[in-house]
Amino acid sequence: MVNAGFRLCPLNLYTAALRIVWMEISVIFPTKNREGYVKRAVRTAFKARAVGEVIVVDGGSRDKTLEIAEREGAKVIVQSDLIYPGKGVAMRDGAYLASCDVLVYLDIDIRNMTPEFIEKLANPILEGEADFVKGCFERAAGRVTELVAKPLLRMFYPELARFRQPLSGEIAGLRTLFYKVEFERGWGVDVGLLIDLHKLGARIVERDIGYKDHDMKPLHALTDMAYEVAGAILRRAIRDQKTDPEWAERYLRGVRAIDLGLESGRGFA
Amino acid sequence: MRVLLIGGGHSAYFAANAIKDIDPTGKLIIIEFTSEKAEVLSKTFPFAEVLHQEIDEVESYIKTNASILDALIAATESDSLNLRYCKVGRENAIPLIIAILNNPLNYEIFAKEGIRYIINPYSFIPVELSEILGSATNIIYKLPAGGVMLASIKIESEEHMHKLRKELDKSNDISMIFVSRSGEIKNSLSDLDLGGRLYLLGSEKKIKNILKMVGE
C-alpha cells in the first residue's frame, strides 16, 4: 500500500512519469450555504492538471449551493448525518463518493483559489514522493493549533510536531488510504487523519500552498473545536497506550475551561 | 430469494431481520467493512452469510455475483457508498436495487441516478407529527410501487364537507373510512361531521385529484 521510499533511478523516474500520466484527482469541497463561492471553486478545480472529478459534499444548504455545483458538473451528495460539527462526516462521504486515485480536499470559500492550490497539494503524490500531503499557508497558526493541538502532539506524537499547521483542512492523499482509517465526525478529523495515516506508515509531507484568503472561523466555534481536537488526539493516545483514560478525561475537562477569548473578549493573538 | 445486504449498522440490522421474516428460506449475504463488526454480525444473524470486505472490494463482489443475486440493498452508514453500490448493481442488471437512506435530502440525487426503490426511514416523522398535531391534510402513505396513496383529511367547515361528499359520490374507485371527532370509526359519507378525519385510499392520481377539487 505505502511505497517504501523513492530513489532517483531510471526505473523510478519512469514509474513517476506513469503516475503523473495515469493518476487522476478527485477534488472534494465540504460545504454549506456557499452559493456565492461554488461556481468559481468548481470551475477552478476543473482547470487543475489531472483533475478527473469535482465533488461537493453539502451539509444541508438552504441556498442554491447544490444546484449550482451540479450545473457546473460536480458530483454532489448531502452528508449522511446532518450533525454539527459534521466536517468529518462530509470528508468521509466525499472520499466514499470519489473514484479517482488521489483526493484533494479544499475549503470552498478560498477567494484567491487557483488551480495551483490543487496542483501543489497533489504533486508530491503524483510524483511518488508522498502518500499524504498536509497543506499549510502563509499565516500564523490559529489558537486551537498553538494552544491545544501542538502541545498534545509534542507530548504523544513528537514525530508529528514538525507540522506547522496540523489542523489544516487543505490535504491530499491516495484514495485507498482514506478507506483504511476511521474519520472523526467533527473538527477532530484533520488531526485524526494525520495521526492515523502516520501510524499506518504513510509517507507524509507538508506543502506551503501560499496565501489563503478566506473567512476565518467565528470565535464561538473555537471552544468546540479545541475540545474536539483534544478529544481526537487523546483517544488515539489512549488507543496507542501513550496515556491513561483518567488523565485524558482530566485534560479534556481542562480544555473545556480554556478561555479562548470568547467570554472576556481578550483572547490570544 | 438471494439478497445482498451491504452494511452492518443500524439500518442494516432492521433490514436483515425483515428479510429473514419475509423470506425465511432465502439466502441473505451481508457485507461489512470491519472484521470485528462482521464477527458480531455473524453471531447476531446466524441465518446469514456474513462477509468482511474492504470498501473498494465490494464493487467487484457485486459485479462477480450480479447474475445470481435477486436483490441488492445498500444500507451502509454513508449515502455516498450506498449510491456507489446501487449504481454498480444497476449497471450489472441486478433485478431489485434498494437504497436505505441516511439523509432524506439525498432522495432526489438517488432518484436522478435511476435508483427506483429508495427507502427513507425518516419519512414517518412529518406524517405522524401532522396527524398528532392536527394538520388539515396529510399524505400518510405512498406505496413505493403501484402508485397507491393513503391520505387523511380533517373536516374543517360545512363547505369543505359538502365539497368532499360531492367529489366522493362520483368516485367509485376510492375506499374511505371516517373517524369522528369523538373517535368513532364509520364508513358512510353521511356520517361525516365537523372536526373529524376522513381517510382515503386509492390511486395516487385520483386522491391528488380529489384533494385539488376540494381545495387542499
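Parameters and conventions
- Residues numbered from 1 in each chain as written.
- Chains lettered and ligands numbered in written order.
- Predicted model: local features only at pLDDT ≥ 70, side-chain atom pairs only at ≥ 80, totals over all residues.
- Contact = placed C-beta atoms within 7 Å.
- Helix = DSSP H or I, 4+ residues; strand = E, 2+ residues; numbered from the N terminus.
- Nonpolar A, V, L, I, M, F, W, Y, C, P; charged D, E, K, R; others polar.
- Pairing = 2+ DSSP bridges.
- Axes fitted to C-alpha atoms, helices over the stretch in contact; angles between N-to-C directions.
- Buried ≥ 20, exposed ≤ 12 C-beta atoms within 10 Å, placed from the backbone.
- Arc of directions from axis to C-beta.
- pLDDT = per-residue confidence, 0-100.
- Core = buried A, V, L, I, M, F, W, Y, C linked by C-beta atoms within 7 Å.
- Right-handed = clockwise from strand over helix to strand, strands pointing away.
- Parallel < 35°, antiparallel > 145°, perpendicular 65-115°, else oblique.
- Left-handed = near helix turned anticlockwise from the far one by under 90°.
- Domains from an automatic or database assignment.

### As for the interface of chain B and chain A
How large an interface is tends to be reported as the accessible area lost when its parts come together. In this assembly, 15 residues from chain B lie in contact with 14 residues from chain A. The greatest single-element share of the side of chain B that touches chain A, amounting to five residues, is contributed by helix α4 (residues 79-91) of chain B. Looking at the side of chain B that touches chain A, its residues break down into five nonpolar, five polar and five charged.

### Let's talk about the sheet that holds strand β2 (residues 51-58) of chain A
Residues and elements named next belong to chain A. Reading across the sheet, the seven strands line up as β3-β2-β1-β4-β6-β5-β7 and stay open at both edges, with mixed pairing between neighbours. With partners counted over all chains shown, the strands left at the sheet margins are β3 (75-78) and β7 (204-208), one partner each. Going from strand to strand, the sheet's axes swing by 20° on average, the running direction of each strand aside. Sheet analysis places strand β1 (residues 25-31) next to β2, joined by seven bridges and oriented parallel. Pairing of S26 across the sheet is with E53, part of β2.

### Looking at helix α2 (residues 35-47) of chain A
All names here are of chain A. Taken as a whole, α2 has its buried residues at Y37, V38, A41, V42, T44 and A45. All buried residues of α2 project into a common sector of 165° when viewed along the axis, lining one side. On its buried face, α2 is in contact with β1, β2, α3 (65-71) and α5 (115-126).

### Some thoughts on the sheet that holds strand β10 (residues 185-186) of chain B
Residue and element names in this part refer to chain B. An order of β7-β8-β11-β9-β10 is seen for the five strands of this open sheet, with the pairing classed as antiparallel. Sheet topology places β7 (137-142) and β10 at the edges, where each strand pairs with a single neighbour. Here strand β9 (residues 175-179) runs beside strand β11 (residues 197-203); their pairing, made up of five bridges, is antiparallel. Bridging from a neighbouring strand, M176 pairs with L200 of β11. Against the sheet, helix α8 (residues 204-213) touches β7, β8 (148-154) and β11, its axis set at about 140° to β11.

### Details of the confidence of the model for chain A
Residues and elements named next belong to chain A. When the pLDDT values of chain A are averaged, the result is 88; 85% of them are 70 or greater. Within the model, pLDDT remains below 50 along residues 1-8, and this stretch shows 13 contacts once partners closer than five positions in the same chain are excluded. Within the model, pLDDT remains below 50 along residues 263-269, and this stretch shows six contacts once partners closer than five positions in the same chain are excluded.

### A short note on the pairing of strand β5 (residues 132-136) of chain A
All names here are of chain A. Most of β5 sits inside the fold, with four of its five residues counted as buried. Here β5 runs beside β7; their pairing, made up of five bridges, is parallel. Note that in β7 the partner of C136 across the bridge is D208.

### Regarding the nonpolar core
Among the nonpolar cores identified, the biggest contains 121 residues, and V104, I118, V229 and I233 of chain A together with L5 and I73 of chain B are the most heavily contacted of them. Among the elements that make up this core, the one with the highest residue count is helix α9 (residues 220-239) of chain A (ten residues). Beyond its immediate sequence surroundings of up to four residues, I118 of chain A is in contact with I25, V27, A45, A48, V51, V104 and L106 of chain A. L192, L200, I207 and I210 of chain B belong to the second largest nonpolar core, which has twelve residues in total.

### Some points on the environment of K75 of chain A
Residues and elements named next belong to chain A. Within the secondary structure, K75 sits in strand β3. According to the C-beta neighbour criterion, K75 is buried, with 20 such atoms within 10 Å. Sequence-wise, K75 and R185 are 110 residues apart; in three dimensions their C-alpha atoms are separated by 22 Å.

### Brief notes about the pairing of β1 of chain A
Residue and element names in this part refer to chain A. Among the seven residues in β1, seven count as buried, and that is most of the element. The two faces of β1 match: I25, V27, F29 and T31 on one face and S26, I28 and P30 on the other face are all buried. When β1 meets strand β4 (residues 102-105), the two strands line up parallel, connected through four bridges. Within the sheet, the bridge partner assigned to I25 lies in β4 and is V102. The handedness of the β1 to β2 crossover, carried by α2, is right-handed.

### As for the packing of helix α3 (residues 58-65) of chain B against α4 of chain B
All names here are of chain B. Running from N to C, α3 and α4 point in directions that differ by 20°, and their axes come no closer than 9 Å. It follows from the interaxial angle that α3 and α4 lie roughly parallel. Here α3 and α4 pass one another in a crossing that is right-handed. On α4, the residues touching V58, E59, I62 and K63 of α3 are Y85, V88 and G89. Of the residues belonging to the contact of α3 with α4, the class tally is four nonpolar, one polar and two charged.

### Details of the domain arrangement of chain B
If you check the domain split of chain B, you get domain 1 (2-122) and domain 2 (125-213). Here domain 1 of chain B and domain 2 of chain B have C-alpha centroids that lie 36 Å from each other.

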